[in-house]
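# Structural overview
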Amino acid sequence: MDHYIAGTLIAAVFLLLFVVRRNDSKKPRKVSTTYKTQNDVFRSSVNAGKNGSPTDVIIVGAGVAGAALAHTLGKDGRRVHVIERDVTEPDRIVGELLQPGGYLKLVELGLEDCVEEIDAQQVLGYALFKDGKSTRLSYPLEKFHADVSGRSFHNGRFIQRMREKAASLPNVRLEQGTVTSLLEENGTIKGVQYKTKDGQEPRAYAPLTIVCDGCFSNLRRSLCKPKVDVPSCFVGLVLENCQLPFANHGHVILADPSPILFYPISSTEVRCLVDVPGQKVPSISNGEMANYLKTMVAPQVPPELHEAFISAVERGNIRTMPNRSMPADPQPTPGALLMGDAFNMRHPLTGGGMTVALSDIVVLRNLLKPLHDFNDAASLGRYLESFYTLRKPVASTINTLAGALYKVFSSSPDQARKEMRQACFDYLSLGGVFSTGPVALLSGLNPRPLSLVLHFFAVAIYGVGRLLLPFPSPKRMWIGARLISGASGIIFPIIKAEGVRQMFFPATIPAVYRAPPVED
């Protein structure tokens, strides 16, 4: 009997020790923040992951893409370190109009409140002007909630709201610094070296580095094959205390030599962007620009805006910005990814840049969600190759439309191009599916490349029909043939740069079907 009692007591002691140990293992362990330096790599004295870094993702840049991505990944529980060159409010003349498709992505990411309390204006569509005539093109929003529309605002206010929201998360660290280089080891990006505002040059490490440092990126050459084109420049002005001909609409004037844009950016201000073809613009300092705007541009501005336009020119706060386009041509690199304007740009005529960036973030978030960590760089890199194809429906539609519309809307001495420009205006003026279809593409509400191509050539065929009716002549037939040829010469090179297979047949790309890496 004594043996049984002793055995029972010993078993009870072991059972008690097991329960205590199990409960202790369930408690969150406190990770030390003491670091030791070894071979220029900062390693935690307590294991914080296989790669020894307390950070899951480094994000370079906190613009629209970087700030939205930081909040999105932080909300999913990732430990995020954001390094931004300048954390003060930006002052830019682009990135001020968010299409309805982009607003829907903002809602999907839980960032819709970032367009509140910044005096953002609802945008319900576009007004198109040519030779004294105008037509209104409304967004097809009937099937959406009343809050869904475009938004226009001061770019800096919008970015600051997103930065504040991202930095409010306990696992997101926003730091001011200039990233000078990516740290590579055996073909894998391990982190970044950056310069702080007080001159120090620390290194930061993470299993995944996402570069979102904008259109002037100095890091993109390591991660893609950039082919940057600068077809024109924008000259920016702010008109004050004036009423647009069509309230809550963007205004596009088909001027000579290229379009002029107007849209509200606050309750009292209207942004004017004058497109100047080429990379050189008249000098602002010696008064050439003011003279150009008054003599060449002002006569083409709608009468309702003429006085406010002249006043804005005379105030002298004239800004310029090169319009860059760059097709996405990634060079997949383990441990790193490019996003935003650092990765892909299109002409800003259609205001599609932020929509593409936010759509890309949704795609990337969905890909990363099933992963527990990012420590297997090689497997993660192969898996994320699907990102480049999954983003194509939205990105390629908006990119192609922006490039094609800019060429069609710009004036040309060629008679066939003139006919194409007039045909586009008349086609959109028909209303019904002829306007809602193209506007749905432009707004990001219907990102279908095939629909884009069909509408584009429908415009060309409509233009030929106008030439041949009621009685065709050899000259008109020749112009019609050149119109079709010119239309093909506009859109097919853009599609080729985007990638025909990725754009129209993404299901044939093997990377799309790659499953998330399986942990050991």
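The name given to the protein chain in an unreviewed UniProt entry is Squalene monooxygenase, with Citrus sinensis as the source organism.

### Comments concerning the pattern of salt bridges
Tallied over the full model, the rule gives 18 salt bridges. Glu 108 is the partner of Lys 105 in a salt bridge, and the nearest nitrogen-oxygen pair spans 3.9 Å. Taken as a pair, Lys 105 and Glu 108 lie in helix H3 (residues 100-108) at a separation of three residues, close to a single helical turn. Residue Lys 105 is classed as partly exposed on the basis of its relative accessible area of 21%. Among the salt bridges present, the one from Arg 391 reaches Asp 360, with a minimum N-O distance of 3.1 Å. With Arg 391 in the loop between helix H9 (387-390) and helix H10 (392-409) and Asp 360 in helix H7 (residues 353-368), this residue pair connects regions lying 31 residues apart in the sequence. Per residue, the accessibility class of Arg 391 equals that of Asp 360, and both read buried. Members of the salt-bridge network, linked through shared partners, are Lys 105, Glu 108 and Arg 365.

### Concerning helix H8 (residues 377-384)
Every buried residue of H8 is accounted for by Ala 377, Ser 379, Leu 380, Tyr 383 and Leu 384. For H8, the buried positions fall inside an angular range of 165° around the axis, keeping them on one side. On the buried face of H8, the contacting elements are strand E11 (188-196), strand E13 (208-211), H7 and H9.

Each value, and the rule that gives it
- In this numbering scheme, every chain counts its residues from 1 along its sequence in written order.
- For this predicted model, a pLDDT threshold of at least 70 governs which residues receive local features, and a threshold of 80 or more governs which side-chain atom pairs are given and counted, while totals over whole chains, interfaces and linings are taken from all residues.
- Side-chain descriptors were evaluated using all non-hydrogen atoms of the structure, hydrogens and water having been removed beforehand.
- Think of a salt bridge as a Lys or Arg side-chain nitrogen and an Asp or Glu carboxyl oxygen that are within 4 Å of each other.
- Secondary structure elements follow DSSP: runs of H or I of four or more residues count as helices, runs of E of two or more count as strands, with numbering from the N terminus.
- The rule is simple: take the accessible area with a 1.4 Å probe, protein chains only, and divide by the maximum for that residue type; under 20% is buried, over 50% is exposed, in between is partly exposed.
- Taken from the helix axis, the directions to the C-beta atoms give the arc we talk about.
- Should any heavy atoms of two residues lie within 4.5 Å, those residues are considered in contact.

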